[in-house]
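Examination of the molecular architecture
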Amino acid sequence: MDDPATGVSIKSNLLVRCQRCHPDVTSENFTDAWMSHFVASPTRFPLVYYVNLFYKIFVPAVIGGMLIFVLSDIARRGLESRKRRVR
């Protein structure tokens with residue numbers, strides 16, 4: 001694409017194509033979305049895939065760990081409270 005006009009026409013044609021499914025889009029910046037309609041995989045967009053995989057594991061582990069911590073703290077305080085009542 002040595003001719004800049006060719007790139008502009010391709011971009012405007014792509015905008016028309018995108019507007020079939022996204023009728024409210026008016027800006028040509030919409031066509032700059034680099035992932036388009038591809039699903040990230042280890043072969044296509046591996047960085048996005050592995051970051052997404054990391055968060056799918058990390059977030060539940062952190063929330064689960066904090067839940068276990070809070071529940072164990074509640075149980076410990078309950079046991080200590082019972083011991084005080086018995087004395």
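Above this text is the structure in question.
Here is a short report on the structure shown in this document. (Residues numbered from 1 in each chain as written. Predicted model: local features only at pLDDT ≥ 70, side-chain atom pairs only at ≥ 80, totals over all residues. Heavy atoms only, no water.)

Moving on, we get to the packing of aromatic side chains. Applying the stated criterion across every chain, the model contains three aromatic pairs. Look at Tyr49 and Tyr50: their rings are 5.0 Å apart centre to centre, the planes differ by 80°, and that puts the pair in the edge-to-face class. For Tyr49, a relative accessible area of 28% puts it in the partly exposed group. Accessibility expressed as a relative area gives 45% for Tyr50, which makes it partly exposed. (Phe/Tyr/Trp six-rings, centres within 6.5 Å; stacked < 30°, edge-to-face > 60°. Buried < 20%, exposed > 50% of the residue type's maximum accessible area, 1.4 Å probe, protein only.)

What follows covers the environment of Asn29. Position of Asn29 relative to the elements: it lies in the loop between helix H1 (4–18) and helix H2 (46–86). Sequence separation of Asn29 and Leu15 is 14 residues, and the distance between their C-alpha atoms is 8.9 Å. (Helix = DSSP H or I, 4+ residues; strand = E, 2+ residues; numbered from the N terminus.)

Purely geometric stuff here, so don't read any function into it on its own.
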